[in-house]
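Commentary on secondary and tertiary structure
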Amino acid sequence: MVALIFGILFLVGGIVAYVELKYKNRKLATLMPVIGAVLCVVIIISGCMATVSTGNTGIVTTFGRVEPYTLDSGIHFVAPWQTVLEMDNRVQKSVIDMMCFSSDIQEVACVYTINYQINKANAQNIYKTIGQNYYDTVITPAVTESVKTVMAHYTAENLISNRDSLADEIEILLSAELDKFNIELVSTSIEDMDFTDEFTNAVEAKQVAVQNKLRATTEQEQKTMEAEQAAERAKIEADAEAAVAKIKAEADAEVAQIAARADLEVQKVNADAAEYTGQKEAAKNKAIQESLSEELLRYMLIQQWDGSYPETYLGSDNVSMILDIQ
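Residues numbered from 1 in each chain as written. Predicted model: local features only at pLDDT ≥ 70, side-chain atom pairs only at ≥ 80, totals over all residues. Heavy atoms only, no water.

Let's talk about the pattern of salt bridges
Inclusion rule: Between Lys or Arg on one side and Asp or Glu on the other, a salt bridge is scored when a side-chain nitrogen of the former is within 4 Å of a carboxyl oxygen of the latter. Using a 1.4 Å probe on the protein chains alone, a residue whose accessible area is under 20% of its type maximum counts as buried, one over 50% counts as exposed, and one in between counts as partly exposed.
Applying the stated criterion across every chain, the model contains 4 salt bridges. Between Arg-90 and Asp-88 there is a salt bridge, with the nearest N and O atoms lying 3.0 Å from each other. Exposure remark for Arg-90: the relative accessible area of 45% places this residue in the partly exposed category. With a relative accessible area of 22%, Asp-88 lands in the partly exposed category.

Right, dumping it as structure tokens:
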């Protein structure tokens, strides 16, 4: 628009110069409108060229009215009466410090970081509805509200133990809120959460108590386990001794039975041997008896006589006689 005004001014100036000089210096006067026209064209053409920097989106306005399209980075031709404004479309980072309260009314100092960028295709709508200062207008209040809303659902102790789920809930809520204004949430993170000294000391004391309880429970479980193991070992040893005694008793009984059967067998064998010996002796005596004769008995008697006569002789009438046969 400025270029158009300057161009018109140069053109009008050339015409005025022509009027003033046409009677004094006609040749120079003739050149003045030409020079004015050339300068007017040059200025207008230069005013029609708009440059959009890298990483920015161009917003086109016509007499203050936002056009429904955007320009990418580079050189563009626009109408002389149009203006091109730039909006940063790169990923930007912001760190926000805030004070929050948990559901149990514990004060929490939070440092929250977000990475965001505008929706390039709808940058003109952001400019039209919010303006270039959209960070202070939309992002800061949305972040503060989302963080405080989600943290108010957790106790101070749960904020520590559920940090991952807390971050996810905040990101989901914040992303939906910024999406309404054509702002894309790239990533978020809870950089830090700080509590009051009283709460921190209370948490530490509780953790110490929990650790002591856990250690005591562990030691008691260890003792109980050792006692159960000792009782189990004693039972196993008693069962083993009983089993050994039973096996030994059964073995002794079996040995006794075997020995008894062996004695019976021996007795039977001895009895059979005695019977056999008696039968054999009887058979021998019988054979001897049957083979004896008067001549054989007399012969045997003579074989055993030592040549001495007996000093006593018993008669058939049991009357003793002493004979001196020398």
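Read on for the rest.
As for the packing of helix α4 (residues 134-151) against helix α6 (residues 163-179)
Our working definition: Here an angle of 0 to 180 degrees is reported between the N-to-C directions of two axes, which are lines fitted to C-alpha atoms, with helices fitted over the stretch in contact. Per the convention used, a helix needs a DSSP run of H or I reaching at least four residues, while a strand needs a run of E reaching at least two, with both numbered from the N terminus. Helix crossings get a hand from a simple test, with the near helix turned counterclockwise from the far one by less than a right angle marking a left-handed crossing and a clockwise turn marking a right-handed one. Should any heavy atoms of two residues lie within 4.5 Å, those residues are considered in contact. All residues other than Ala, Val, Leu, Ile, Met, Phe, Trp, Tyr, Cys, Pro, Asp, Glu, Lys and Arg, Gly among them, are scored as polar; the first ten of these are nonpolar and the last four charged.
As a packed pair, α4 and α6 sit with axes 9 Å apart at the nearest point and diverge in direction by 145°. Remark: the crossing between α4 and α6 carries right-handed chirality. Contact with α4, carried on its side by Val-138, Ile-139, Ala-142, Val-143, Ser-146, Val-147, Thr-149, Val-150 and Met-151, involves Leu-166, Glu-169, Ile-170, Leu-173, Leu-174, Glu-177 and Leu-178 of α6 and no other residues of that element. In terms of residue class, the contact of α4 with α6 is built from 12 nonpolar, 2 polar and 2 charged.

Observations concerning the packing of aromatic side chains
Each aromatic ring pair is summarised here by two numbers: the centre-to-centre distance and the angle between the ring planes. As a reminder, the rule being used: Under the pairing criterion, centres of Phe, Tyr and Trp rings, with the six-membered ring standing for Trp, must be within 6.5 Å; the plane angle then separates stacked pairs below 30 degrees from edge-to-face pairs above 60, leaving the rest tilted.
Taken as a whole, this structure holds 1 aromatic pair when the rule is applied. For the pair Tyr-116 and Tyr-135, a centre-to-centre distance of 6.0 Å together with 20° between the ring planes defines the contact as stacked. Of this pair, Tyr-116 sits in strand β7 (residues 107-118) while Tyr-135 is found in helix α4, placing the two residues 19 residues apart along the sequence. Given the relative accessible area of 22%, Tyr-135 is considered partly exposed.

Some words on the sheet that holds strand β3 (residues 65-71)
Put simply, the rule is: For two strands to be treated as a pair, DSSP must find no fewer than two bridges joining them.
In space, the 3 strands of this open sheet follow the order β3-β2-β5, with antiparallel pairing throughout. The outermost strands of the open sheet, each flanked by one partner alone, are β3 and β5 (82-88). Geometrically, the sheet is characterised by an average inter-axis angle of 30° between neighbouring strands, direction not taken into account. In this sheet, β5 lies alongside strand β2 (residues 56-62) in antiparallel orientation, the contact comprising 7 bridges. From the neighbouring strand, Ile-59 faces β5, where its bridge partner is Leu-85.

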